[in-house]
Amino acid sequence: MSKKGFRQRSFAEPGCIGCDAHLDFGLSRYCAGFKNKKRRKAFRKSDPAYKAPKWCPKRKSPCEYRIYSYADAQAAALARAFAEDEISSGELAFPVAHRYRLCAEGKTGLTPALFFENANSPDEMPLLEGEEIGQGDVVEIDTGLAQFFFYCAASHDFRPAFFDPKRVQGLADGDKAC
């Protein structure tokens with residue numbers, strides 16, 4: 001990330017404190033998020049105090065990815081029409097989720113920070129094996145604890161994005177995935 005004035009991005013995951021499976025009994029902490037609801041796992045002294053431990057049942061290892069593309073040619077044309085009002089490099093992007101459709105999903109060994117670093121590096125290495133990411137696409141990296149979204153403004157120009165995957169269009173009967 002050698003762009004002048006480009007700030008280092010932080011992709012922090014939420015900790016256990018806000019989780020509904022986190023239990024406090026006096027000075028003892030437990031996790032009740034496992035499939036066997038009758039069993040709880042006690043936190044050890046060596047487990048982190050504020051971050052989720054490596055054994056957290058919500059954590060996905062490896063991370064999952066999802067690629068969202070424009071739902072149709074009309075949505076893509078509308079996005080190109082608004083491209084003149086494009087934000088400056090490195091800023092947050094706000095793609096409108098109801099114009100998108102899920103195209104691909106799978107597993108990746110990349111963390112959100114590593115994906116962001118590789119996506120913005122000038123090297124011509126593939127980001128996600130076997131997947132094509134085009135301009136205007138949104139890539140989601142899901143760690144299980146949090147979802148991170150990246151908007152592809154151009155080749156080697158990915159930006160953190162606010163994106164609501166609940167508003168993404170579903171496939172209609174007879175439609176093909178991108």
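Only a predicted model underlies this, so the values are computations on that prediction, with no experimental measurement involved.

**A word on the overall build of the protein**
- Broken down by element type, the protein carries 2 helices and 8 strands.
- N-terminal to C-terminal, the α/β element order of the protein is β-β-β-β-α-β-α-β-β-β.
- The burial tally for the protein puts 38% of its 178 residues in the buried class.
- Relative to all contacts within the protein whose residues are 6 or more apart in sequence, the contacts with residues 24 or more apart total 67%.
- Total accessible area computed for the protein in this model is approximately 11600 Å², and 51% of it derives from carbon and sulfur atoms.

**Things to note about the packing of aromatic side chains**
- Going through the model one piece at a time under the given rule, you end up with 14 aromatic pairs.
- Of the aromatic side chains, those joined through ring pairs into one cluster are F11, F115, F116, F148, F150 and F158.
- If you follow R29 out to its NZ or CZ, it ends over the ring of F43, 4.0 Å from the centre.
- The side chain of R40 reaches across the aromatic face of Y30, ending 5.7 Å from its centre.

**A few points about the sheet that holds strand β2 (residues 28–31)**
- A sheet is described by the order of its strands in space; here 3 strands give the open sequence β1-β2-β3, paired in antiparallel fashion. Pairing within the sheet leaves two strands with one partner each, and these edge strands are β1 (22–25) and β3 (41–42).
- Pairing analysis gives 2 bridges linking β2 to β3, with the strands arranged antiparallel. Of the residues in β3, the one forming a bridge with C31 is K41.

**With respect to the nonpolar core**
- Core analysis: the largest hydrophobic core is formed by 19 residues, its most contacted members being F115, L128, I133, V139, F150 and F158.
- At the level of secondary structure, the elements contributing two or more residues to this core comprise β4 (63–70), α2 (112–119), β6 (138–142) and β7 (147–154).
- Residues contacting F150, with those up to four places away along its chain left out, are F11, P112, F115, F116, D137, V138, V139, I141, F158, R159, P160 and A161.
- By size, the runner-up hydrophobic cluster in this structure holds 14 residues, among which are Y68, F149, Y151 and F163.

**Some points on unusual backbone geometry**
- Cis peptide bonds are those with omega within 30 degrees of zero, and the linkage from S61 to P62 qualifies with 0 degrees.
- With respect to the secondary-structure elements, P62 resides in the loop between β3 and β4.

**Some points on the pattern of salt bridges**
- The final tally for this structure, using the stated rule, is 11 salt bridges.
- A salt bridge links D20 to K58; the nearest nitrogen and oxygen atoms lie 3.4 Å apart. Taken together, the positions of D20 in the segment before β1 and K58 in the loop between β3 and β4 put the pair 38 residues apart, joining distant regions of the chain.
- Through salt bridges with shared partners, a single network forms among K60, E64, R66, E105, K107, E140 and D142.

**Thoughts on α2**
- Listing the buried residues of α2 in full gives P112, F115, F116, N118 and A119. Down the axis of α2, the smallest arc covering the buried residues is 170 degrees, so these residues share one side.
- Each element contacted by the buried residues of α2 is listed here: β6, β7 and β8 (157–160).

**What to know about the sheet that holds β6**
- As summarised here, the arrangement of the 5 strands in space is β5-β4-β6-β7-β8, forming an open sheet in which the pairing is antiparallel. Only two strands of the sheet have a single neighbouring strand rather than two, namely β5 (100–108) and β8. When strand polarity is set aside, the average angle formed by the axes of neighbouring strands in this sheet is 25 degrees.
- When β6 meets β7, the two strands line up antiparallel, connected through 5 bridges. Bridging from a neighbouring strand, E140 pairs with F149 of β7.

**Quick look at the confidence of the model for the protein**
- Looking at the protein, the pLDDT average stands at 81 and 84% of residues meet or exceed 70.
- Taken element by element, the protein is modelled with least confidence in helix α1 (residues 73–81), mean pLDDT 75, and with most confidence in β6, mean pLDDT 92.
- In this model residues 1–7 is a low-confidence stretch, pLDDT under 50, and it forms 8 contacts with partners more than four residues away in sequence or in other chains.

Parameters and conventions
Residues numbered from 1 in each chain as written. Predicted model: local features only at pLDDT ≥ 70, side-chain atom pairs only at ≥ 80, totals over all residues. Heavy atoms only, no water. Helix = DSSP H or I, 4+ residues; strand = E, 2+ residues; numbered from the N terminus. Buried < 20%, exposed > 50% of the residue type's maximum accessible area, 1.4 Å probe, protein only. Contact = heavy atoms within 4.5 Å. Areas by Shrake-Rupley, 256 points an atom, 1.4 Å probe, with all protein chains shown as cover. Phe/Tyr/Trp six-rings, centres within 6.5 Å; stacked < 30°, edge-to-face > 60°. Lys NZ or Arg CZ within 6 Å of the ring centre and 35° of its normal. Pairing = 2+ DSSP bridges. Core = buried A, V, L, I, M, F, W, Y, C linked by side-chain atoms within 4.5 Å. Salt bridge = Lys/Arg side-chain N within 4 Å of Asp/Glu carboxyl O. Arc of directions from axis to C-beta. Axes fitted to C-alpha atoms, helices over the stretch in contact; angles between N-to-C directions. pLDDT = per-residue confidence, 0-100.

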